[in-house]
Amino acid sequence: MNTFQFYSPTEFVFGKGTENKAGYYVKKHGGTNVLLHYGGGSAIRSGLLDRVKKSLDEENIVYTELGGVQPNPIDTLVYKGIEICRQKKIDFILAVGGGSVIDSAKAIAMGVPYEGDFWDFYCDKSPQVALPVATVLTIAAAGSEGSGDSVITKAEVGLKRGAGSDLIRPKFSIMNPELTCTLPAYQTACGATDIMAHVFERYFTNTTEVEITDRLCEAVLLTMIKETPRVIADPTNYEARANIMWAGTVAHTNIVGVGREQDWNSHGIEHELSALYDCAHGAGLAVIMPAWMEFVYKHNVLRFAQAAVRVWGCQMDFEQPENTAREGIIRFRSFLKSIGMPLTFAELGAREEDIPQLVEKFGIGNGKTGGFVKLSGSDIEQIYRIAVKPELINTPHL
Ligand code: NZQ
Ligand code: ZN
């Protein structure tokens, strides 16, 4: 196991009705003048926003609303949010929504006290200070409610990039699984895929002797395999929603990834798809992650075979562990298909002829990137091509 530091300062407030205490927690964490940030309307339609506002009123906390965050959030609303916060002397940002709203809130939080362009933080600069951010989570997916990450798209150039800092880890996150019951099945499945991908990006590692984090990863994956079909069949199943919601947080605070080298290439390769086609991040991952697995599994067949046995319940083929490794990837694909996820470029609405552009935007030039397997531009191109080829995916196993 590698040396590590783990810092996860967020106060998680979990359970039914917890959104009614939003005002109490804002006050507890020092907020007096709040930017209330939300998305395209689901929080209004469900009545959630009104409940949060009432709870702020009860604590005499003033607030300014900024809605309209779109999935795959863009820079233009971030600039607007920064402007509003400066004008109104906002001291706290409360995000009511999913990963997109939370990430937009985090971008605003870094941008307000910064004299330069907030986009610098998405080009590897580290912030020195940020406004405090907190969340009322409405979808189990990105894990942004517990992470120090934010992903924003620069609309004009179609670049989707991430920023990371402990300064933007939420002060608190309110998590009521009931709020996720209004999610359409497709969004639920996209979220589940993202959660599983966050674990796989950590699971496939070159670091040895990491039994504790291997087992934690497997626990999250097994939970998702059990609970996702339950909520697809019955969207109001509170217990299944609750297990998925906490799995989504555990998957991405990094508690399952400490002390081990990680590999985030599937995410990077996917981000180019959601930047170009504005598809859901989880759907893009359903297309890319198995294609990445196909491309890299021979690097460590036994690690893939371990996942196949422990997570997917495959029988170990001791003479040819490669068969077991591949069977695990096939079962992953079958699972994704069973929850309604796309498996190919075509199903996602992506186009083969855009592959050179996708690779160029990925932006590694002649270099290589990755943890488990370092990939060149031409490797990434091949992964996109595997994701195009239906003959690889439509095997008799599916
Ligand atoms: O905008 P509204 O109307 O709220 O609708 C949203 C949106 O259309 C809807 N929705 C959310 N909660 C709902 C609901 N609809 C009905 N009932 C509810 N309770 O769902 C749609 C998707 O929402 P979004 O916030 O985009 O989903 P998600 O949480 O998957 O976030 C995706 C973004 O997070 C980034 C992704 O790249 C993508 O931009 N990521 C952020 C990470 C992080 N900050 O740590 C890590 C991830 O790997 C990921 O890259
Ligand atoms: Zn993700």
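Above this text you will find the structure in question.
Cut-offs and rules
- Residues numbered from 1 in each chain as written.
- Chains lettered and ligands numbered in written order.
- Predicted model: local features only at pLDDT ≥ 70, side-chain atom pairs only at ≥ 80, totals over all residues.
- Heavy atoms only, no water.
- Donors = N, O, S within 2.8 Å, 3.2 Å for Na, K, Ca; no water.
- Helix = DSSP H or I, 4+ residues; strand = E, 2+ residues; numbered from the N terminus.
- Salt bridge = Lys/Arg side-chain N within 4 Å of Asp/Glu carboxyl O.
- Core = buried A, V, L, I, M, F, W, Y, C linked by side-chain atoms within 4.5 Å.
- Buried < 20%, exposed > 50% of the residue type's maximum accessible area, 1.4 Å probe, protein only.
- Contact = heavy atoms within 4.5 Å.
- Expected span 1.5 Å × (residues − 1).
- Pairing = 2+ DSSP bridges.
- Axes fitted to C-alpha atoms, helices over the stretch in contact; angles between N-to-C directions.
- Near = heavy atom within 4 Å.
- Polar contact = N/O pair within 3.5 Å; in protein donor to acceptor, adjacent residues only side chain to side chain.
- Areas by Shrake-Rupley, 256 points an atom, 1.4 Å probe, with all protein chains shown as cover.
- Nonpolar A, V, L, I, M, F, W, Y, C, P; charged D, E, K, R; others polar.
- Parallel < 35°, antiparallel > 145°, perpendicular 65-115°, else oblique.

## Side note on the coordination of the zinc ion (ligand 2)
Next up, step 1: In the first shell of the zinc ion (ligand 2), the protein supplies Asp194 (OD), His198 (NE2), His267 (NE2) and His281 (NE2), at 2.0 to 2.2 Å from the metal.
Next up, step 2: Each donor residue of the zinc ion (ligand 2) belongs to the same chain, and together they define the spacing D-x3-H-x68-H-x13-H. Residue His198 is located in helix H6 (residues 185–203), and its partner His267 is located in helix H9 (residues 265–277); the two are separated by 69 residues in the primary sequence.

## Let's talk about the pattern of salt bridges
Next up, step 1: Within the structure shown, the criterion is met by 21 salt bridges.
Next up, step 2: Here the residues in one salt-bridge network are Glu211, Arg215, Glu218 and Arg310, joined through shared partners.

## A short note on the nonpolar core
Next up, step 1: Formed by 100 residues in total, the largest nonpolar core has its most connected members in Trp292, Phe304, Phe345 and Tyr384.
Next up, step 2: By residue number, the principal contributor to this core is helix H10 (residues 281–296), which donates ten residues.
Next up, step 3: Other than its neighbours up to four places away in sequence, Phe304 contacts Phe204, Trp292, Met293, Val296, Tyr297, Ala325, Ile329 and Phe372.
Next up, step 4: Tyr25, Val26, Leu48 and Leu56 belong to the second-largest nonpolar core, a separate cluster that totals 21 residues.

## Overview of H9
Next up, step 1: Here H9 spans 19 Å end to end across 13 residues, near enough to the 18 Å set by a 1.5 Å rise per residue.
Next up, step 2: Along H9, the residues that are buried comprise Asn265, Ser266, His267, Ile269, Glu270, His271, Glu272, Leu273, Ser274 and Ala275.
Next up, step 3: In the segment just after H9, Asp278 is the residue with positive phi, at about 55°.

## Considering the sheet that holds strand E8 (residues 172–175)
Strand pairs in the sheet, formed through backbone hydrogen bonds, run parallel or antiparallel to each other.
Next up, step 1: An order of E1-E8-E5-E4-E2-E3 is seen for the six strands of this open sheet, with the pairing classed as parallel. What marks the edges here is a single partner per strand, and that holds for strand E1 (11–14) and strand E3 (62–66). Adjacent strand axes in the sheet meet at a mean angle of 20° when their direction is disregarded.
Next up, step 2: Pairing of strand E2 (residues 33–38) with strand E4 (residues 92–97), which is carried by five bridges, proceeds in the parallel orientation. Counterpart to Leu36 in the pairing with E4 is Leu94.
Next up, step 3: Those strands touched by helix H8 (residues 238–252) are E1, strand E5 (133–137) and E8, and its axis lies near 170° from that of E1.

## Thoughts on the site of ligand 1
Next up, step 1: Around ligand 1 lies a shell of 32 residues, among which Gly40, Ser42, Ser100, Thr182 and His198 are the nearest.
Next up, step 2: In this structure, Ser42 approaches ligand 1 through a side-chain N or O atom, which is 2.7 Å from an oxygen atom.
Next up, step 3: A distance of 2.8 Å is found between a nitrogen atom of ligand 1 and a side-chain nitrogen or oxygen belonging to Asp103.
Next up, step 4: Compared with its free state, where it exposes 950 Å², ligand 1 has 88% of that area covered by protein.
Next up, step 5: A breakdown of the residues in the shell around ligand 1 according to their chemical character gives nine nonpolar, 19 polar and four charged.

## Section: the packing of H10 against helix H12 (residues 321–338)
Next up, step 1: The contact between H10 and H12 brings their axes to 10 Å, and the two run at 175°. Viewed along their axes, H10 and H12 adopt a mutual orientation that is roughly antiparallel. Taking contact as the criterion, the partners of Ala286, Met289, Pro290, Ala291, Met293 and Glu294 in H10 are, on H12, Arg326, Ile329, Phe332, Arg333 and Leu336.
Next up, step 2: A class-by-class count of the residues in the contact of H10 with H12 yields eight nonpolar, no polar and three charged.

## Quick word on unusual backbone geometry
Negative phi values dominate among residues other than glycine, just as trans dominates among peptide bonds.
Next up, step 1: The phi dihedral of Asn254 falls on the positive side, at around 90°, and the residue is not glycine.
Next up, step 2: Among the structural elements, Asn254 can be located in the loop between H8 and H9.
Next up, step 3: The class for Asn254 is partly exposed, based on a relative accessible area of 22%.
Next up, step 4: Here the phi dihedral of Asp278 falls at roughly 55°; this positive angle occurs in a residue that is not glycine.
Next up, step 5: Mapped onto the elements of the fold, Asp278 is located in the loop between H9 and H10.

Worth remembering: the numbers are spatial, not functional.
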